[in-house]
Amino acid sequence: MKHNWSKIAVTLGPVIVMASLVWEYARTNPAYGFLVEPWSLRGYEMDQGWTYFAVGAALLILALAVVPKRAVELSYSATVVGVTTVVATVLGFVFGPDTVSVTFSFVVSAVLSLALWMMIYRTFKSVVLPRVPSLDRFAIRMLINLGVLILVFAVVLVTLGDRTVNLNPGVAAFIGVGLLGLFAVATAPHGLAANRLLIYLSVGGGAVISLSGASLRTSLQEAQIEAIGVAAQYKDVQVGYGWFLALTGILILFVGAVALWATRRDVIIARNRAREQRAAAEKSAQEIREAYEQYERERAAAEAAYSASND
């Protein structure tokens with residue numbers, strides 16, 4: 001029941017985000033009456049509304065790809081991650097603004113460095129350590145991790161520190177979703193990469209929507225100035241029900257995505273545990289068979305020796 005509910009939630013959430021397009025995204029205090037025009041704006045009348053729609057469409061495509069049971073297979077999951085990166089890039093080029101400015105302050109650089117370090121660590125843990133057991137010691141791991149973290153942070157500070165980078169939204173989407181996809185694939189169990197990416201992007205979509213509230217209010221003021229030359233005061237302009245509806249859709253998606261991932265992770269862990277127990281049981285049975293065969297050989301040899309001594 002929980003599994004089925006989570007599947008419904010991950011598909012319903014993005015649909016709600018897309019449906020918010022027809023609701024008011026920004027509105028003026030009713031006390032203004034007919035003093036300003038337009039009094040409110042709906043999603044389809046604003047650039048932000050179409051951005052929300054694009055976010056919802058991308059998340060819906062990813063959710064539909066994650067719902068099937070075969071989404072836990074590594075090959076399928078990795079393919080979904082790759083296709084999602086391409087789709088996000090295309091949507092960024094089509095629906096995004098001309099440029100996206102990112103200022104790499106110390107805090108932003110630190111967060112980026114930490115994210116890159118976590119990706120490298122996950123890859124090191126899942127790819128290198130199983131093949132080089134001599135490195136799988138606490139002191140060695142801590143030394144390597146600390147060295148990689150310092151190196152990554154130094155490279156980010158030197159190349160991007162205190163700089164403002166202007167990127168095309170498509171390029172930004174490719175870099176952002178691509179890095180998240182690599183992080184999702186590098187984390188074990190690797191077959192759940194697509195499920196993890198859905199969780200990451202739902203958080204990212206929620207951040208895009210929640211942080212755009214101020215721009216919605218400003219857009220309504222700009223529309224009023226363009227229409228009648230004056231605008232309501234900023235404090236008298238507020239976000240509308242459409243903004244809250246879009247956030248509700250993101251929340252439903254996030255809860256469903258986490259539930260679906262947790263359920264599938266538990267199933268995979270249980271299967272791996274059962275497989276290990278079966279392998280241990282088969283090994284014990286093989287040892288018992290070998291011991292019995294050895295006993296039979298020794299008994300036969302002893303009987304043969306006894307018979308020979310009697311003769």
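This part is about the overall build of the protein. Tallying secondary structure elements over the protein gives nine helices and five strands in all. Along its sequence from the N terminus, the protein presents helices and strands in the succession α-β-β-α-α-β-α-α-β-α-α-α-β-α. Relative to a compact globule of 311 residues, whose C-alpha radius of gyration would be 19 Å, the protein shows 29 Å and is clearly more extended. When burial is assessed residue by residue, the protein has 36% of its 311 residues classed as buried. Element-wise, carbon and sulfur atoms account for 67% of the exposed surface of the protein, whose accessible area totals about 18,000 Å². Within the protein, the 21 negative side-chain charges are centred at a point lying 3 Å from the centre of the 25 positive side-chain charges.

What follows concerns the environment of R42. Structurally, the position occupied by R42 is in strand β2 (residues 40-42). On the basis of relative accessible area, R42 is assigned to the partly exposed category, the value being 33%. Placed 198 residues apart in sequence, R42 and G240 show a C-alpha to C-alpha distance of 8.5 Å. R42 has contacts with L21, V22, W23, E24 and Y25, leaving out every residue within four places of it along the chain. Among the polar contacts listed, one links the side chain of R42 to the backbone oxygen of V22, at a separation of 2.9 Å.

With that settled, the discussion passes to the pairing of strand β1 (residues 24-28). Buried residues dominate β1, accounting for five of its five residues. The sheet contact formed by β1 and β2 spans three bridges and is antiparallel. If you follow E24 over to β2, its bridge partner there is R42. Pairing of β1 with strand β5 (residues 237-239), which is carried by three bridges, proceeds in the antiparallel orientation. Bridging across to β5, R27 finds its partner in Q238.

This brings us to helix α5 (residues 138-160). Look at α5: 32 Å from first C-alpha to last across 23 residues, which is about the 33 Å you get at 1.5 Å a residue. What α5 keeps buried is the set R141, N145, V152 and V156. Where α5 is buried, its residues touch α4 (106-128). One or two positions beyond α5, positive phi appears at D162, with a value near 60°.

With the rule as written, the count across this model stands at three salt bridges. For the salt bridge of D236 with K235, the shortest nitrogen-to-oxygen distance reads 3.6 Å. Its relative accessible area of 13% is what places D236 among the buried residues. Among the ionic pairs, R265 bridges to D266, the shortest N-O distance being 3.4 Å.

Once that is clear, we can look at the packing of aromatic side chains. For the structure on display, the rule yields four aromatic pairs. Ring plane angle 35° and centroid distance 5.0 Å describe the contact between Y25 and Y52, whose orientation is recorded as tilted. Taken together, the residues span a long stretch of sequence, with Y25 in strand β1 and Y52 in helix α2 (residues 47-66) at a distance of 27 residues. For the pair Y25 and Y52, a shared accessibility class is recorded, and that class is buried. On the basis of an interplanar angle of 80° and a centroid distance of 4.9 Å, the ring pair of W243 and F244 is categorised as edge-to-face.

Membership of the largest hydrophobic core comes to 42 residues, with the highest contact counts inside it found for V10, Y52, L62, L198, I209 and L216. Discounting chain neighbours no more than four positions away, the residues touching L216 are Y25, A26, M46, Q48, Y52, V239 and W243.

In this section: the packing of α2 against helix α7 (residues 193-210). Interhelical geometry of α2 versus α7 gives an angle of 165° and a closest axis separation of 10 Å. Taken as axis vectors, α2 and α7 run roughly antiparallel relative to one another. Read as a crossing pair, α2 and α7 show a hand that is left-handed. Residues Y52, V55, L59, L62, A63 and V66 of α2 form the contact with α7, whose participating residues are A194, N195, L197, L198, L201, S202, G205 and I209. Tallied by class, the residues present in the contact of α2 with α7 amount to eleven nonpolar, three polar and no charged.

Rules used throughout
- Residues numbered from 1 in each chain as written.
- Predicted model: local features only at pLDDT ≥ 70, side-chain atom pairs only at ≥ 80, totals over all residues.
- Heavy atoms only, no water.
- Helix = DSSP H or I, 4+ residues; strand = E, 2+ residues; numbered from the N terminus.
- Rg over C-alpha atoms; globule rule 2.2 N^0.38 Å.
- Buried < 20%, exposed > 50% of the residue type's maximum accessible area, 1.4 Å probe, protein only.
- Areas by Shrake-Rupley, 256 points an atom, 1.4 Å probe, with all protein chains shown as cover.
- Lys, Arg positive; Asp, Glu negative; His and termini not counted.
- Charge placed at Lys NZ, Arg CZ, Asp CG, Glu CD.
- Contact = heavy atoms within 4.5 Å.
- Polar contact = N/O pair within 3.5 Å; in protein donor to acceptor, adjacent residues only side chain to side chain.
- Pairing = 2+ DSSP bridges.
- Expected span 1.5 Å × (residues − 1).
- Salt bridge = Lys/Arg side-chain N within 4 Å of Asp/Glu carboxyl O.
- Phe/Tyr/Trp six-rings, centres within 6.5 Å; stacked < 30°, edge-to-face > 60°.
- Core = buried A, V, L, I, M, F, W, Y, C linked by side-chain atoms within 4.5 Å.
- Axes fitted to C-alpha atoms, helices over the stretch in contact; angles between N-to-C directions.
- Parallel < 35°, antiparallel > 145°, perpendicular 65-115°, else oblique.
- Left-handed = near helix turned anticlockwise from the far one by under 90°.
- Nonpolar A, V, L, I, M, F, W, Y, C, P; charged D, E, K, R; others polar.

All we've got here are geometric facts, nothing functional implied.
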